[in-house]
Amino acid sequence: MKLLSCLLVLLYALCWCCTAANARVASSTECNHISGHGFVLFSDLECTTHWIHHLPEFQCPHMYDVKAQVQFVNATQERIYCQDRARGEEFTYTVVPEFVLPRFIAGEISSFSSPLTRGFFNSTLVDDVAMTVQQDGVIFARQFDMLTAQTLTYYLWPASANPSATSSSSASSSYFYMSHYVTTPPNFDQLMMARVYSTDGSWEFPADRRSPLAVYFPGVSDVYASRLRENLTYKAVIQGALNGQQHPVTIETVQNYYPGPAGYNGDGTTDYREYCVDKEKPHWVECVGLMVQ
């Protein structure tokens, strides 16, 4: 009788494991379906190099931080966008292509079309803009790991063709894009352009590197109130790409493309843990081990 009970318990455990495994696979499939994905479209000062920045959320299928370089297919559409941007009335522009985001990250999607809107999807500038993704255009992609950053952290990558960091704040200092490192909610998303130069002349952005480098602001908490503001100067530290050495840099912020909302939860909710255990959202089973102990 005891042997039979043990066998039944073992059989139940095996069935539960199989069910859980299948549910996890199904959840992943459900999460990564075709969906509209909001991106900020931004460009260098000359409006010749264009990028898109995914607007992440703390829910599937939007739990990814993604940056990619893109091109306009139609020169007229590009001119409309650049002329509107040159007026200086608006610096945030958005597109909403539809695709499976992990496929886009993997380089399997080379083009898309979408309405191009001013502001945060406020008014339509171009009804159906056509864009292609540069070869190896996705320079950064990260699925949220729910690890909290104690120190204010951004990612930095060059906006100019020949990036370098000079030892003074002269006009030759290079322009860089900076994006806030989004962690656990409540948090914030932000995208900026800044001039960055080495404080002691010990650092320059590697000429053959396309992916961003992390920028830390020692002693500054990672909260919305500490976000970078336009036309201010900050002291920060960059982690060296090769030797891991920390290099002091000075950052002069120039333009705020997307400030991000305060108390960012990504989906209007106030408690992410509540979402994790919501039985009506089975795809959240994968986040239980990360957020709910």
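As the structure is a prediction and not an experimental result, all values here were calculated from the model. (Residues numbered from 1 in each chain as written. Predicted model: local features only at pLDDT ≥ 70, side-chain atom pairs only at ≥ 80, totals over all residues. Heavy atoms only, no water.)

Asks: Could you give me a rundown of the overall build of the protein, with the residues and numbers involved?
Replies: Of regular secondary structure, the protein possesses five helices and 14 strands. Among the 293 residues that make up the protein, the fraction classed as buried is 46%. A total accessible area of about 14,600 Å² is found for the protein, and carbon and sulfur atoms account for 53% of it. (Helix = DSSP H or I, 4+ residues; strand = E, 2+ residues; numbered from the N terminus. Buried < 20%, exposed > 50% of the residue type's maximum accessible area, 1.4 Å probe, protein only. Areas by Shrake-Rupley, 256 points an atom, 1.4 Å probe, with all protein chains shown as cover.)

Asks: Go over the state of the cysteines with me, naming the residues and quoting the values.
Replies: On inspection of all chains with the given rule, the structure shows one disulfide. C47 shares a disulfide with C82; S-S distance 2.1 Å. Of note, the bridge from C47 to C82 carries an S-S torsion of about -85 degrees and is left-handed in sense. Within this pair, whereas C47 is found in the loop between strand 2 (39–43) and strand 3 (50–54), its partner C82 is found in helix 2 (residues 75–86), the two being separated by 35 residues in sequence. The buried category is assigned to C47, whose relative accessible area is 9%. With relative accessibility at 17%, the residue C82 sits in the buried group. (Disulfide = S-S within 2.5 Å.)

Asks: How would you summarise the nonpolar core if you had to cite specific residues and measurements?
Replies: Ranked by internal contacts, the top residues of the largest apolar core, which has 24 residues, are L41, I52, Y81, F104, F112 and L116. Broken down by secondary-structure element, the contributors of at least two residues to this core are strand 2, strand 4 (64–72), helix 2, strand 5 (93–95), helix 3 (101–105), strand 7 (111–118) and strand 8 (123–143). Setting aside its immediate chain neighbours within four residues, F112 contacts I52, V70, V95, P97, F99, V129, A130, M131 and V133. In terms of nonpolar packing, the next biggest core, distinct from the first, is built from 20 residues, Y154, F176, V196 and V249 among them. (Core = buried A, V, L, I, M, F, W, Y, C linked by side-chain atoms within 4.5 Å. Contact = heavy atoms within 4.5 Å.)

Asks: Talk me through the environment of E230; I want residue IDs and the actual numbers.
Replies: Tracing the sequence through the fold places E230 in the loop between strand 12 (213–221) and strand 13 (233–239). When the C-alpha atoms of E230 and T253 are compared, they prove to be 5.2 Å apart, with 23 residues separating the residues in sequence. Within polar-contact distance, the side chain of E230 engages the backbone nitrogen of N256 at 2.6 Å. (Polar contact = N/O pair within 3.5 Å; in protein donor to acceptor, adjacent residues only side chain to side chain.)

Asks: Give a description of the sheet that holds strand 7 that names residues and reports values.
Replies: Around the barrel, which closes on itself, the six strands sit in the order 2-3-4-8-7-5 with antiparallel pairing between neighbours. On average, each strand axis in the sheet is tilted by 45 degrees relative to the strand beside it, whichever way the strands run. Examined bridge by bridge, strand 4 and strand 8 share eight bridges and lie antiparallel to one another. Each residue of the ladder has a partner; that of A68, found in strand 8, is V138. Where helix 2 meets the sheet, its contacts fall on strand 2, strand 3, strand 4, strand 5, strand 7 and strand 8, and the angle it forms with strand 8 comes to roughly 90 degrees. (Pairing = 2+ DSSP bridges. Axes fitted to C-alpha atoms, helices over the stretch in contact; angles between N-to-C directions.)

Asks: Mind laying out the pairing of strand 7, listing which residues take part and the relevant values?
Replies: Along a regular strand, successive side chains alternate from one face of the sheet to the other. Here strand 5 pairs with strand 7 via three bridges, running antiparallel. Bridge pairing links T94 to T117 in strand 7. Of the strand pairs in this sheet, strand 7 and strand 8 are connected by seven bridges, and their pairing is antiparallel. Residue pairing across strands places F112 opposite M131, the latter belonging to strand 8.

Asks: Account for the side chain of Q190, with residues named and values stated.
Replies: Counting through the fold element by element, Q190 comes out in the loop between strand 10 (174–180) and strand 11 (191–198). Excluding its chain neighbours within four sequence positions, the residues that come into contact with Q190 are Y154, M178, S179, H180, R227, L228, N256, Y258 and P259.

Asks: So, the pattern of salt bridges: which residues are in play, and what are the values?
Replies: Under the criterion given, the structure shown has five salt bridges. Note that D84 and R118 form a salt bridge whose closest N and O atoms lie 3.0 Å from each other. Linking D84 in helix 2 with R118 in strand 7, this pair joins segments that are 34 residues apart in sequence. Using a relative accessible area of 8% as the deciding quantity, one classes D84 as buried. Residue classification places R118 among the partly exposed positions, given a relative accessible area of 26%. By sharing partners, the salt bridges in this structure join D84, R87 and R118 into a single network. (Salt bridge = Lys/Arg side-chain N within 4 Å of Asp/Glu carboxyl O.)

Asks: Describe the side chain of H247, and please don't skip the residues or the numbers.
Replies: Its location among the elements puts H247 in strand 14 (residues 246–258). Since its relative accessible area comes to 5%, H247 is described here as buried. Among the polar contacts made by the side chain of H247, one reaches the side chain of S202 at a distance of 3.1 Å.

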